[in-house]
Amino acid sequence: LRTPVTGIEPEELRRVLEAACKVAARDIKAGKVADYIPALARVPSSKLGAAIVTVDGDVILYGDAQEPFSIQSISKVFTLTMVLSAIGDSKRFWERVGREPSGSAFNSIVQLEMEHGIPRNPLINAGAIVVSDVLHGVLKSKDTVSAVVDFMRQISQSPRVSVDPVVAESEAVAGFRNASLANFLKSFRNLDHDVADVLHVYFNQCAIAMSCEELARASLYLAVEGDHPLTGSKVLSSSRTRRVNSIMLMCGHYDASGDFAFRVGLPGKSGVGGGIVAVAPGRAVIVVWSPGLNKHGNSHAGTIVLEHFARQTGWSVF
Ligand code: GLN
């Protein structure tokens, strides 16, 4: 009998995940679905899905784990990965975007102005818009949105992955704040391309629809120092992968990143679609989806699932 690398048999992981989801389901009504993007407001708040993909390749699913949802800000981890893989960890890149927790809302305008157009980190909106701008420059000849979608298809091994055009349109129509951030960046000369072109990339990457299972497969390289055990490819160097994980731990939940580290203890990234990706280095990726959010824009029930799961498994980076 093989010993799982995770140290816990898949059947036991399934039992722990189910128990954690059942605890979270009791409190699911306390979350509120994002309504500032009209297309997201239509998603039922009762949805709850979870997926674990271990570094051994075991897959454990719960509830709505195979239903695609809007990945929103989770896309920021993957565009950052694409940029770091394409241009390396360049000094110039880290002059344009910081790597400190923001302590502010994900779409704060005041912080961007106070700090002269240098976003605190690549996982808040302003930082991710700079990342999309860099990516747009790196991929000169290719359509940037298609390149992001292709990357997601490849690392999730799911050709079905695509942008939800209704969500993308809804984001663009209601995207006043992101347009403001992009214009601020431009005024501080921290955007190389046209505001409209960069926002097009940003809105479309956020509108990619994926299931918990697909996202967990796609994120597995984060748990294996940049190697992707399912595709056999090297997605990112091990040192850069560590850096992405460190940024996720410090910044992945915006002004609730400290709370997530305190309660869960794993690098994670949330999105206002209600998804959370959590990385247990050397072991597995756990993805949860529940659209009801807390006041910081992170999945309310999703955080409870991860908190219980991490406590029961003892998985924590601390
Ligand atoms: N598309 C969303 C926005 O820009 C992403 C925010 C998020 O998921 N936190 O507002």
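Sequence order as written defines residue numbering, which begins from 1 separately in each chain. In view of the model being predicted, local features appear only for residues whose pLDDT reaches at least 70, and side-chain atom pairs are presented and counted only at 80 or more, with totals across whole chains, interfaces and linings using the full set of residues. Side-chain figures throughout are based on the complete set of non-hydrogen atoms in the structure, without hydrogens or water.

Turning to the packing of helix α6 (residues 125–138) against helix α10 (residues 195–206), a few remarks are in order. Running from N to C, α6 and α10 point in directions that differ by 110°, and their axes come no closer than 9 Å. In terms of orientation, α6 and α10 fall into the roughly perpendicular class. The two elements α6 and α10 cross, and the hand of that crossing is right-handed. Across the interface between the two elements, Asn125, Ala128, Ile129, Ser132, Asp133 and His136 of α6 pack against Asp197, Val198, Leu199, Val201, Tyr202 and Gln205 of α10. Residues are grouped as follows: Ala, Val, Leu, Ile, Met, Phe, Trp, Tyr, Cys and Pro are nonpolar; Asp, Glu, Lys and Arg are charged; every other residue, Gly included, is polar. Its residues placed into classes, the contact of α6 with α10 shows six nonpolar, four polar and two charged. Lines fitted to C-alpha atoms define the axes here, with helix axes fitted over just the stretch in contact, and angles between the N-to-C directions of these axes take values from 0 to 180 degrees. In this text, helices come from DSSP runs of H or I with a minimum length of four residues, and strands from runs of E with a minimum of two, each type numbered from the N-terminal end. Orientation categories follow fixed angle ranges, with anything under 35 degrees roughly parallel, anything over 145 roughly antiparallel, 65 to 115 roughly perpendicular, and all other angles oblique. Should the near helix be turned counterclockwise from the far one by less than a right angle, the crossing is left-handed, whereas a clockwise turn marks it as right-handed. In this analysis, two residues are considered to be in contact whenever any of their non-hydrogen atoms come within 4.5 Å of each other.

On to the packing of aromatic side chains, then. Two aromatic rings from Phe, Tyr or Trp, using only the six-membered ring of Trp, form a pair when their centres are within 6.5 Å; if the ring planes differ by under 30 degrees the pair is stacked, by over 60 it is edge-to-face, and anything between is tilted. Using the criterion set out here, one finds eight aromatic pairs in the structure. Judged by centre distance (6.0 Å) and plane angle (55°), the ring pair of Tyr202 and Phe203 falls under tilted. Note on classification: 1.4 Å probe, protein chains only; a residue is buried when its accessible area is under 20% of the maximum for its type, exposed when over 50%, partly exposed between these limits. Owing to a relative accessible area of 2%, Tyr202 belongs among the buried residues under this scheme. Using a relative accessible area of 7% as the deciding quantity, one classes Phe203 as buried. Among the aromatic residues, those joined into a cluster by ring pairs are Tyr36, Phe106 and Tyr254.

Quick look at the site of the ligand now. In this text, near means that some heavy atom of the residue lies within 4 Å of the molecule or strand in question. Around the ligand there are 13 residues in total, and Tyr36, Gln72, Ser73, Tyr202 and Tyr254 lie nearest to it. Measuring from an oxygen atom of the ligand, one finds a side-chain N or O atom of Asn125 at 3.0 Å. In the environment of the ligand, a nitrogen atom lies 2.8 Å from a nitrogen or oxygen atom belonging to the side chain of Glu171. Method for areas: the Shrake-Rupley scheme with a 1.4 Å probe, in which residue coverage is limited to the protein chains shown. Here the ligand has 300 Å² of accessible area as a free molecule, and 99% of this is covered by the chains. Of the residues that constitute the shell around the ligand, the class distribution is seven nonpolar, five polar and one charged. Two N or O atoms form a polar contact when they lie within 3.5 Å of each other; inside protein one atom must be a possible hydrogen donor and the other a possible acceptor, and for residues adjacent in sequence the pair counts only when both atoms belong to side chains.

What follows concerns the nonpolar core. Within soluble globular proteins, side chains that are nonpolar generally end up buried alongside one another. Think of a nonpolar core as a cluster: buried Ala, Val, Leu, Ile, Met, Phe, Trp, Tyr and Cys residues, connected wherever their side-chain atoms sit within 4.5 Å. In terms of nonpolar packing, the biggest core is built from 78 residues, with Phe78, Phe93, Ile129, Met152, Ile208 and Leu215 touching the most fellow members. Beyond its immediate stretch of four places on either side in the chain, Phe78 contacts Phe151, Met152, Ile155, Leu215, Ala218, Ser219 and Tyr221. Ile8, Ile60, Leu266 and Ile276 belong to the second largest nonpolar core, which has 29 residues in total.

On to the sheet that holds strand β6 (residues 208–210). Note: strands within a sheet are paired through backbone hydrogen bonds, in either parallel or antiparallel orientation. Strand order in this open sheet of three strands is β4-β6-β5, and the pairing throughout is antiparallel. Every interior strand has two partners, whereas the edge strands, β4 (69–70) and β5 (162–163), have only one. Paired strands are those between which DSSP finds at least two bridges. In this structure, β5 lies alongside β6, joined through two bridges in antiparallel fashion. Residue pairing for β6: Val163 is matched across the bridge by Ile208. Where helix α7 (residues 144–156) meets the sheet, it contacts β5 and β6, and its direction lies at approximately 10° from that of β6.

By this rule, a helix spans an expected 1.5 Å times one less than how many residues it contains. Taking 1.5 Å of rise per residue, the 13 residues of helix α3 (residues 75–87) would be expected to cover 18 Å, and the 18 Å separating its terminal C-alpha atoms lies within 8% of that figure. Among the residues of α3, Ser75, Lys76, Val77, Phe78, Thr79, Leu80, Thr81, Met82, Val83 and Leu84 are the ones counted as buried. Backbone geometry just downstream of α3 places Gly88 in the positive-phi region, at approximately 80°.

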